[in-house]
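# Notes for the structure review
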There are 2 protein chains.
Amino acid sequence: MPRQELQYPKQPYSTVKRLNDRANYELETIHRLINESRLVSVSFNDPDSPFPAVLPMIGVMGSFDRPSADVGDVLDLYLHGYVSSRIMNLTRRTTSSPSQDSEAAPQGGSLPLTIQTSTITGLVLALTPNHHSYNYTSATLFGHASLVTSPDEKLYAMALITNQIIPSRWEKTRVPPTPAEMSSTSILRVKISAGSAKLHSGGPSDDRFDLDNQDLTQRVWTGVVPVYTTLGEPVPGHYNQVEQVPDYLGDFVTEQNETTRKFSEHAAREEVRRKA
Amino acid sequence: MPRQELQYPKQPYSTVKRLNDRANYELETIHRLINESRLVSVSFNDPDSPFPAVLPMIGVMGSFDRPSADVGDVLDLYLHGYVSSRIMNLTRRTTSSPSQDSEAAPQGGSLPLTIQTSTITGLVLALTPNHHSYNYTSATLFGHASLVTSPDEKLYAMALITNQIIPSRWEKTRVPPTPAEMSSTSILRVKISAGSAKLHSGGPSDDRFDLDNQDLTQRVWTGVVPVYTTLGEPVPGHYNQVEQVPDYLGDFVTEQNETTRKFSEHAAREEVRRKA
């Protein structure tokens, strides 16, 4: 796959201010991080509450108009999950009052959403608590959501989301969805206005006066505990009738575990600046 | 530890509407989920942006006034991370305009925050994509943040947070922090107004007409792929001088891995309703 160099524009609300040497605005890096996270946290302002609403949802980048688009291309974010009546009402409300939508990107859309995902890849243990930190990857997208109404686009997004969880699972199951299943499923399309990623990795660092403290350095273990997600041995459901775990599933579990473990162990040793 | 039965009040903004049989308002369950998550996502409204601001932070429940309080007691949430100038300014702003703070709980506080954490414990694979789901644990807290100014309370929270990442790590490192370290660290105390948890586990379920489809049930593997976080072999930093990984660290890694794996494997088989 050709390396993409497209970058999201830095907006006042999207520019990383703290430790900005860790920031990355490349579409490819940000989209990969979103696709790799099985859940994203979706936040939106609720005028009826002093608190922002936050919903965990499944998010995958895609392009219905250009399904062959590369992960580093300009893409929409498709969100699947419980599309609450609040989201629906707010989508209608924001659409009917353009003033609330002043920051809307040219592509339009209605309800402003902030989509965030963060993954810890290591516990960084230093000589003193203040230098303890995490290795992590983090991505944030800002965009405007609309409900997908076209059945074709909804089907496209449903397959995309299912296969993001387990590759080719869509084709292996009973499809297409029934009309009832289609109508019971809501998909949001988010037109992205901006985004950023932050990656941190490597070993601990400490202040000179602590490093020069022989008693301290000989007493305190310093380093990184790699952290990664593991997929366990598949557990058959009570009505499963397929004896063998199919290869597409077993191989995926094996490869995923290998990839996540290696990334975190690598990150424990050196700086990783991009997600590729 | 005595089982606590305290529950958070159901507020309009905190009541679980969707699949509310999975909801849980017990302080103990919610506080445990927050304490177990190494990162929480912190959302707040930014009047200068159409998008809510979302920051990943470290959050731990505690009580400076009653350090011996049980996890199921009324507790504050201490947040550590980059306390952005936005949070600071907004904290000042909201304090100076009580109207914005109408929903403030009796305990007071200033900036309204929504704190969310979700953890996937299994991929639930059914006969048809629409019945695919995740096993998960999820907790949300709503509260008002203020900056911790008392050095004693700051020290209390710093130790609490460090030891939440690695038990007794605080005592094993160079403490107390220097005046410079103290002033460079910001801690937020969140007075909690409400909260909720959601837990889902167990195997797949499908519709009768799919279950009766022999060709389908004999073709599609159904069950759960357990998902859990693994702590890897500790990797010594380049200036580490302690040959052996200390027991308090090695044992923690072993026990953590055992606990998270067992929870997810258990959740793949049966319904888990509380976090204890």
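A short tour of the structure in this document, coming up. Computed from a predicted model, the values in this text were never measured in an experiment.

### Quick word on the pattern of salt bridges
Two side chains that carry opposite charge are able to pair once their charged atoms sit near each other. All names here are of chain B. Counted by the stated rule, this structure contains 20 salt bridges over all chains. Between Glu153 and Arg189 there is a salt bridge, with its nearest N and O atoms 2.7 Å apart. Here Glu153, found in helix H3 (residues 151-165), pairs with Arg189, found in strand S7 (residues 187-200); they are 36 residues apart in sequence, far enough to count as distant. A residue is classified by how much of its surface remains accessible, and Glu153, at 7% relative accessible area, is buried. Of the residues examined, Arg189 reaches a relative accessible area of 16% and is grouped as buried. Note that Glu181 is salt-bridged to Arg174, the shortest N-O span being 2.8 Å. Classification of Glu181 by relative accessible area gives buried; the value is 6%.

### Some thoughts on unusual backbone geometry
Residue and element names in this part refer to chain A. A cis geometry characterises the amide bond from Val175 onward to Pro176, with omega recorded as 0°. Structurally, the position occupied by Pro176 is in the loop between helix H4 (169-172) and helix H5 (179-184). Despite not being glycine, Ser168 shows a phi value in the positive range, around 65°. Tracing the chain through its elements places Ser168 in the loop between helix H3 (151-165) and H4.

### A few points about the pairing of S7 of chain B
All names here are of chain B. With 14 of 14 residues buried, S7 lies mostly within the body of the structure. Here strand S1 (residues 23-24) runs beside S7; their pairing, made up of 2 bridges, is antiparallel. Each bridged residue has a counterpart across the sheet, and for Asn24 the counterpart in S7 is Ala197. Note: strand S4 (residues 76-80) against S7, 4 bridges, orientation antiparallel. Note that in S7 the partner of His80 across the bridge is Ile187. Across 12 bridges, the pairing between strand S6 (residues 133-147) and S7 is antiparallel. Bridge pairing in S7 places Ala139 opposite Ala197.

### Comments concerning the environment of Arg269 of chain B
Relative to the helices and strands, Arg269 of chain B resides in the segment after helix H8 (247-267). Exposure remark for Arg269 of chain B: the relative accessible area of 56% places this residue in the exposed category. Along the chain, Arg269 of chain B and Pro204 of chain B lie 65 residues apart, while their C-alpha atoms are 9.8 Å from each other. Apart from residues lying up to four places away in sequence, Arg269 of chain B is in contact with Val235 of chain A together with Gly202 of chain B.

### Focus: the relation of the copies chain A and chain B
Between chain A and chain B, which share one sequence, the superposing operator has a rotation angle of 180° and an axial displacement of 0.0 Å; the RMSD is 0.0 Å. Viewed as a symmetry operation, the transformation between the two copies matches a two-fold axis. Residue Thr229 of chain A of chain A places its C-alpha closer to the rotation axis than any other residue of that unit, at 2.2 Å. Mapped onto chain B, 100% of the interface residues of chain A again fall at the interface, so both copies present the same surface.

### Regarding the environment of Tyr82 of chain B
Within the secondary structure, Tyr82 of chain B is located in the loop between S4 and helix H2 (85-96). Considered as a pair, Tyr82 of chain B and Ile58 of chain B are 24 residues apart in the sequence and their alpha carbons are 9.8 Å apart. If near-sequence neighbours (up to four positions away) are discounted, Tyr82 of chain B is found in contact with Arg18 of chain A together with Leu55 and Met57 of chain B.

### Overview of the interface of chain A and chain B
Facing 95 residues of chain A, the contacting portion of chain B comprises 95 residues. Summing both partners gives a buried area of about 8000 Å² for chain A against chain B, and 62% of it is carried by carbon and sulfur. Where chain A meets chain B, there are 2 salt bridges. For Arg174 of chain A, the salt bridge goes to Asp210 of chain B, with nearest N and O atoms at 2.8 Å. Linking chain A with chain B are 40 residue pairs in polar contact (both at pLDDT 80 or more), by the criterion used here. No other element matches the 9 residues that strand S8 (residues 223-231) of chain A contributes to the side of chain A that touches chain B. Taken together, the residues of the side of chain A that touches chain B sort by class into 48 nonpolar, 33 polar and 14 charged.

### Points about the pairing of strand S6 (residues 133-147) of chain A
Residue and element names in this part refer to chain A. Most of S6 sits inside the fold, with 13 of its 15 residues counted as buried. Sheet topology places strand S5 (residues 111-125) next to S6; 13 bridges connect them, and they run antiparallel. Residue pairing in the sheet places Thr117 in a bridge with Ala139 of S6.

What counts, and where the lines are drawn
Residues numbered from 1 in each chain as written. Chains lettered and ligands numbered in written order. Predicted model: local features only at pLDDT ≥ 70, side-chain atom pairs only at ≥ 80, totals over all residues. Heavy atoms only, no water. Salt bridge = Lys/Arg side-chain N within 4 Å of Asp/Glu carboxyl O. Helix = DSSP H or I, 4+ residues; strand = E, 2+ residues; numbered from the N terminus. Buried < 20%, exposed > 50% of the residue type's maximum accessible area, 1.4 Å probe, protein only. Pairing = 2+ DSSP bridges. Contact = heavy atoms within 4.5 Å. Least-squares fit on C-alpha atoms with pLDDT ≥ 70 in both. Buried area = accessible area lost by both parts, 1.4 Å probe. Polar contact = N/O pair within 3.5 Å; in protein donor to acceptor, adjacent residues only side chain to side chain. Nonpolar A, V, L, I, M, F, W, Y, C, P; charged D, E, K, R; others polar.

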